[in-house]
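Reading the structure
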Amino acid sequence: MSDKKLKIISFLCNWCSYGAADLAGVSRMQYPADIRIVRIPCTGRMSPKFILSAFREGADAVWVSG
Amino acid sequence: MDKCIACGLCAEKCPKKVDNEYDEALGKRKAIYVKYAQAVPLKYSIDAKNCIFLTMGKCGKCAEVCPTGAINYEDQQKDITLNVGSVIISSGCKPYDPGKHDVYGYTKSKNIVTSLEFERILSSAGPYEGHLVRPSDKKEPKKIAWLQCIGSRDNHLGANGYCSSVCCTYAVKEAMLAKEHSHDPLDTAIFYMDIRTHGKDYEHFYNRGKDESGIRFVKSKITNIVPDSETGLQLINYIDETGTRQEEAFDIVVLSVGLCIGEEAVQLADKMNISLDHYNFVTTNSFEPVKTSKPGVFICGAFEAPKDIPSSVIESSAAAGMAGINLMESRWTLTKTKEIPEEINITGEAPRIGVFVCRCGTNIAGVVDVPSVVEMAKKLPYVEYADENMFSCSQDTQDAITNIIKEKKLNRVVIAACTPKTHEGLFQETLTNAGINKYLFDMANIRNQCSWIHAKEPEKATQKAKDLVRMITAKVALHESLTEPTLEIDQSGLVIGGGVAGIMAAKTLANQGYHTHLIEKEAVLGGQANKLYQTWQGEDIQTHLAEMIKSIEEDKLIDIHLNTDITNVDGFVGNFETHINKNGTADTLKHGITIIATGASELKPETHLYGEDDRVITGLELDQKLIHHDETLKSTNTAVFIQCVGSRIPERPYCSKICCTQSIRNALKLKSINPEMNVFILYRDMRSFGLREDLYTEARTKGVQFIKFDFEKEFKVTVNKDQLQVLFSDTSLRRKMEIKSDLIVLASSIVPEKKNKLAAMYKIAQNADGFFMEAHAKLKPVDCATDGVFLCGLSHAPKPIDESISQAMAAATRAVTLLAKKKMNMDGTVAWVDQEKCSSCGVCVSICPFSAPSFTAEGRYEGKAEINPVLCKGCGLCVASCRSGALHLKGFDTHQIFAQISALDEFESSNGGQTADTPKTDKENEKDAATAAV
């Protein structure tokens, strides 16, 4: 597991989780570099199509937070 | 300070560690620091008292490592003179220090903490990163106790007589959070005198804590804690509800410390010649709740009285409004208009993207291999230009970017740097200055969300930065110029409801220079205040009310519509049309904003023999008797007040907030009319919050008898041989009691109009209790979720007159911030409908929380959805919900997000390479179909 290069796409709400991800940086927290963040205006924008599309592009996991 | 980019290198290298006061000294910080992670502006500063260079003349590490030369050891405190017309004091309060007169052993055990320290322990950004542990040995606690009223409601040395108003609710919150944080079941107990959850929805919260979270509430004032240094436990002795003596050991004891006024605030008040009360709170009167004794100086927040965040925020708007009225004449005299270059039309041009990768000193470049990111970016489709900057946000780089955009004829820009949350606006301005539309832009977050959090994995961080740049570049290629819809705002206001709140809101609007309509359904103004006797501070309400009514009747800017009913409402923020029926005549009022102040009324109880025996009256009816100097009160031998009639019951779970104080005040009045009278107040929790506690203390010393009755047990009012009797169970004596009385006063609850038709008309929500809901309890306490509609008074929640007045001022002030704009520029990233595709299903219309979609009323697309861009907040809920693919969100459209996802992998291996500016709907169709087939 640890050798495998993971690809996690995360869709984060601009108003909360995206800001929290920024704050994690300001606080210099450290976490694995396998996440690619896509900023969305609100999780209300989240469409199942995006999740399917992410898997189609080879994502190992999709994380929606908002 | 302009040079600091908040990279944090200085703090990293600073050798001096100091107790972190933000973490209540539970953790450490450096001598160069930011107060807390979310600080605005995010700039580091030197703590001169602890800096080695400033105290001993050597070190200088921070200046050595600072990449921008922002360190200035010579910086001095400067005196600045500002010429102002109004002053607002909001200097707040400080927590009570339990160590000063240490009766609780606070300084003896690390596991006895204040509530603020406990907040830091719970915080994920706190000293233990949100891991709930005992400070002494970092073991996870099994039992935590909260002791209420530490330093409050206490007349002993060093403590304060008043109630701090906020501690009961925060203790419930902390106990609930602690339970959530704990891996194993955590036992929590709150030791209290009265639970005072009197704010809006706080009683629901208390019930949740008790019934759902299982917090134990023990009515017992704890005076002594015995720490055991061997086990780290704290022993507490108390008497439980059955009268048995108990000894319990807790891992952590939290002292719910009160709010008090610091010495600095007192000196400030002294300097400004503002009068303070005997507790050092700023004196105000109930009818001018934000005005100090000195003209032109206003007050808001906890320096006025202990209060919670919503009340403080409400008062801050009120104070700003009052200060604004003072400055009305000079409004707009100091504004400057910025010159904006004409926008270049890029329609039909192929994308020419510029990618600017920021090094941010070493913040990014120290981890991410910036040159390789630039090299990768150069090879991406449509990228005409890619380079790195030392600091993209510095003014000279901004100018350089502007020139490059012009020179290279760029029509899309990507900045790979920090975060759009703080810098999007700045870079958009750069685009505007270069003459291209500001929406032809996006950012790749390679600092906050990359280099900073993967500091030890430079290779992976570089790969991630490349991916993020590639993804956002693919998206930006599909960006288009967007226009920002503008909205003209009708320069008049409408206030609905002619009670105290409505009158005050209308007066504040008019004083700010706006024409205002005031609608009242009854034939007279004044609402519930017409029936009220005195405020808790003893001010005569009828005199003040008469003055208020007179002043708005004389105001030429206010049109008062009595006997008026609202029949229908059209329009939205800026352009409302309210149709009214005034004494049988129809009329239409046009207005830019609406303030709802429709009030609430007193419950007419169906219990306690009310309506059957005329010696049983409500609180308001007693007020009437007092206003009219009723002679029968003089000959009354015994009076019994019964609290919480209709409130805090399953049917009406909220607290009516004002009745405890009203009963105490009237009990005192009865005592003054007839000192021999036996006056009893039967209560569940006495909620004389804040400075009202003084009144409670006075009533006890003057012989008013307060008895806590058991709510779970039988409570009856009967008549025996024409003698009124109250039967109940006393919680302290734990036995049945009976009082023979001549007068029974029911502290009856405040009830809102449950199915208020205005809710549907102005699209405002009511909570389960029937009170109108604000957009956000703390951040927007007087705004409705619907733009341009504001709330005040009893229709929002039960509250005393001074709070209704400050809320009315606040609502009017918030409304003025809209009106004063005259024109509103809305965001360009809004939804739009491809009406050819719309199937008229109505999902968007029903799902939108802002009422932006509607059905087109006429024309070729009659019945199809359309979006009012002015109301749209760009959340995309409708877009994601549209079954026909007819809805699109500018700036975050489906094909744009798809492009971003598709660019996840290296360009060669993905199916990227989409061409932009070709007809997008076709492209998107293919994408949609392909995805649907997955």
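**A short note on the overall build of chain B**
- Regarding its fold elements, chain B presents 24 helices and 44 strands.
- Excluding contacts between residues fewer than 6 apart, the proportion of contacts in chain B whose partners are at least 24 apart in sequence is 70%.

**Observations regarding the overall build of chain A**
- Scanning chain A from terminus to terminus reveals two helices and three strands.
- Along its sequence from the N terminus, chain A presents helices and strands in the succession β-α-β-α-β.
- Its C-alpha atoms give chain A principal-axis dimensions of about 35 × 30 × 10 Å.
- For chain A, buried positions account for 45% of its 66 residues.
- Of the contacts formed within chain A by residues at least 6 apart in sequence, a portion of 80% connects residues at least 24 apart.

**What about the sheet that holds strand β10 (residues 216-219) of chain B?**
All names here are of chain B.
- Here we have five strands laid out as an open sheet, ordered β7-β14-β8-β9-β10, and parallel in their pairing. Both outer strands of the open sheet, β7 (112-114) and β10, are each paired with one neighbouring strand and no more. Averaged over neighbouring strand pairs, the angle between their axes works out to 25° when direction is ignored.
- Alignment of strand β8 (residues 143-150) against strand β9 (residues 187-192), held across five bridges, turns out to be parallel. Within β9, the position partnered with Trp-146 by the bridge is Ile-190.

**Observations concerning the interface of chain A and chain B**
- In this assembly, 35 residues from chain A lie in contact with 41 residues from chain B.
- The set of elements that each furnish at least two residues to the side of chain A that touches chain B consists of α1 (17-26), β2 (35-40) and α2 (48-56) of chain A.
- It is α1 of chain A that provides the largest number of residues to the side of chain A that touches chain B, a total of eight residues.

**Comments concerning the pairing of β10 of chain B**
Residues and elements named next belong to chain B.
- Sheet topology places β9 next to β10; four bridges connect them, and they run parallel. Each residue of the ladder has a partner; that of Phe-191, found in β10, is Val-218.
- Where the polypeptide runs from β9 across helix α6 (residues 202-212) and back to β10, its parallel neighbour, the crossover connection is right-handed.

**A short note on the environment of Val-500 of chain B**
- Mapped onto the elements of the fold, Val-500 of chain B is located in helix α14 (residues 500-511).
- Those residues within four positions of Val-500 of chain B in sequence are excluded, and the remaining contacts are Gly-527, Ala-529, Leu-545, Ile-801, Ser-804 and Ile-805 of chain B.

**Overview of the confidence of the model for chain B**
Residues and elements named next belong to chain B.
- Taken as a whole, chain B shows an average pLDDT of 93; of its residues, 97% reach a score of 70 or greater.
- Contacts of residues 907-934 to residues separated by more than four positions or lying in other chains number 34 contacts, the stretch itself having pLDDT below 50.
- This complex was scored by the predictor with a pTM of 0.86 and an ipTM of 0.96.

**Some words on the pairing of strand β19 (residues 412-417) of chain B**
Residues and elements named next belong to chain B.
- The element β19 is extensively covered by neighbouring structure, given that six of its six residues are classed as buried.
- Every second residue of β19 is oriented toward a common face, with Arg-412, Val-414 and Ala-416 on one face and Val-413, Ile-415 and Ala-417 on the other, all of them buried.
- One ladder, built from five bridges, connects strand β17 (residues 353-358) with β19; its direction is parallel. Bridge pairing in β19 links Val-357 to Ala-416.
- Pairing between β19 and strand β20 (residues 441-445): five bridges, direction parallel. Opposite Ala-416, over in β20, you have Ala-444 as the bridge partner.

Cut-offs used in this document
- Residues numbered from 1 in each chain as written.
- Chains lettered and ligands numbered in written order.
- Predicted model: local features only at pLDDT ≥ 70, side-chain atom pairs only at ≥ 80, totals over all residues.
- Helix = DSSP H or I, 4+ residues; strand = E, 2+ residues; numbered from the N terminus.
- Contact = placed C-beta atoms within 7 Å.
- Buried ≥ 20, exposed ≤ 12 C-beta atoms within 10 Å, placed from the backbone.
- Pairing = 2+ DSSP bridges.
- Axes fitted to C-alpha atoms, helices over the stretch in contact; angles between N-to-C directions.
- Right-handed = clockwise from strand over helix to strand, strands pointing away.
- pLDDT = per-residue confidence, 0-100.

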